[in-house]
Amino acid sequence: MKYGTIIQIDDCLVSEEILTEYFSCDYGKCRGCCCIIGDSGAPLEECEAGAIEKNYGIFSPLMTDGGRKAVEEKGFFEIDVDGDMVTPLVAEGEECAYCHFDREGNCFCSMEKLWFEGKGDFRKPISCWLYPIRVSVLRNGMRALNLHRWDICADAFAKGKKEGIRVYEFLREPISRYFGSDFYDALDAAAKQMSR
């Protein structure tokens, strides 16, 4: 088995795939299916549950009846089988409770839709915004950033390769927002060093 290079930046161990692999969401093909397929909701940080609760009255009218019912029954988050805090799913389905569908059946995040309209102060869970990067906290307190490969995103990996967009480049905004612009610059420098 081949193991890739791990780059350490501050308290983060970053898989080289984040710097070498290509990715660019191809929404025209997937139509937001990452929000409606899966065995668990989107991972949440503790502070995010509070932000969702604070903004819920603003974006809840965009949610489906099933989504609002899921929040009424389960709350703003639930604990999944791994013990992680996640967004609730609608009953007997895989759809995130916070989904919004347009007339063509395209799926969007109701939080993000209103954030773009300037009506909320919470965009969406960072785990969604950073995808396909998955962040995990190690026992020693360090964070590991790994590339997650999901078959429903095959078109996004193909589009990224066609357009020459690396994973970290596609995710510049959320990486810079969550880890800081210096962290992004260090990623970029490491990627350039690796490509020499």
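Parameters and conventions
Residues numbered from 1 in each chain as written. Predicted model: local features only at pLDDT ≥ 70, side-chain atom pairs only at ≥ 80, totals over all residues. Heavy atoms only, no water. Helix = DSSP H or I, 4+ residues; strand = E, 2+ residues; numbered from the N terminus. Axes fitted to C-alpha atoms, helices over the stretch in contact; angles between N-to-C directions. Parallel < 35°, antiparallel > 145°, perpendicular 65-115°, else oblique. Contact = heavy atoms within 4.5 Å. Nonpolar A, V, L, I, M, F, W, Y, C, P; charged D, E, K, R; others polar. Pairing = 2+ DSSP bridges. Phe/Tyr/Trp six-rings, centres within 6.5 Å; stacked < 30°, edge-to-face > 60°. Buried < 20%, exposed > 50% of the residue type's maximum accessible area, 1.4 Å probe, protein only. Lys NZ or Arg CZ within 6 Å of the ring centre and 35° of its normal. Polar contact = N/O pair within 3.5 Å; in protein donor to acceptor, adjacent residues only side chain to side chain. Disulfide = S-S within 2.5 Å. Arc of directions from axis to C-beta.

A. Expanded view of unusual backbone geometry. Pro132 follows Tyr131 through a cis peptide bond whose omega is 20°. Here Pro132 lies in the loop between α6 (126-129) and β7 (133-137). Positive phi, normally seen in glycine, also occurs at Arg31, with a value near 55°. For Arg31, the location among the structural elements is in the loop between α2 (27-30) and α3 (46-59).

B. Region of interest: the packing of helix α9 (residues 172-179) against helix α10 (residues 181-194). Two elements in contact, α9 and α10, have axes whose closest approach is 6 Å; the angle formed by their N-to-C orientations is 130°. Classified by the angle between their axes, α9 and α10 sit oblique to one another. Facing α9, whose interface residues are Arg172, Ile175, Ser176 and Phe179, α10 presents Ser181, Phe183, Tyr184 and Leu187. When grouped by side-chain class, the residues that make up the contact of α9 with α10 number 5 nonpolar, 2 polar and 1 charged.

C. How the structure looks around the pairing of strand β8 (residues 143-147). In this sheet, β8 lies alongside strand β2 (residues 12-15) in parallel orientation, the contact comprising 3 bridges. Following the sheet pairing, Cys12 is matched in β8 by Arg143. By the bridge criterion, 5 bridges tie β7 to β8 in an arrangement that is antiparallel. Among the inter-strand pairings, Val137 is bridged to a residue of β8, identified as Arg143. What sits between β7 and β8 in their antiparallel hairpin is a turn of 5 residues, with Gly141 showing a positive phi close to 95°.

D. Broad picture of the packing of aromatic side chains. Considering all chains together, one arrives at 11 aromatic pairs under this definition. Relative to Trp150, the ring of Tyr131 has its centre 6.1 Å away and its plane inclined at 75°; by these criteria the two rings are edge-to-face. Taken together, the residues Tyr131 in the loop between α6 and β7 and Trp150 in the loop between β8 and α7 (154-163) connect sequence positions 19 residues apart. What makes Tyr131 buried here is its relative accessible area of 10%. Judged by centre distance (4.7 Å) and plane angle (25°), the ring pair of Phe179 and Phe183 falls under stacked. Here the aromatic cluster, defined as three or more aromatic residues joined through ring pairs, consists of Tyr56, Phe59, Phe76 and Tyr98. Sitting over the face of the ring of Phe157, Arg149 holds its NZ or CZ atom 5.3 Å from the ring centroid.

E. The side chain of Glu16, seen in detail. Among the secondary structure elements, Glu16 is positioned in the loop between β2 and α1 (17-20). From its side chain, Glu16 meets the backbone nitrogen of Thr5 in a polar contact 2.9 Å long.

F. Looking closely at the state of the cysteines. Inspection of every chain in the model, using the stated rule, returns 0 disulfides. Residue Cys25 stays outside any disulfide, its sulfur separated by 6.2 Å from that of Cys30, the closest cysteine. Sulfur of Cys128: no disulfide; nearest cysteine sulfur belongs to Cys35 and is 6.2 Å away.

G. Structural context of α9. Buried within α9 are the following residues: Pro174, Ile175 and Phe179. End-on view of α9: buried residues confined to an arc of 100°, all on one side of the axis. If you follow the buried residues of α9, they end up packed against β2, α6, β7, β8, α8 (167-170) and α10. Just past α9, the residue Gly180 takes up positive phi, approximately 105°.

H. Highlighting the environment of Lys192. Locating Lys192 in the fold gives a position in helix α10. Placed 160 residues apart in sequence, Lys192 and Gly32 show a C-alpha to C-alpha distance of 32 Å.

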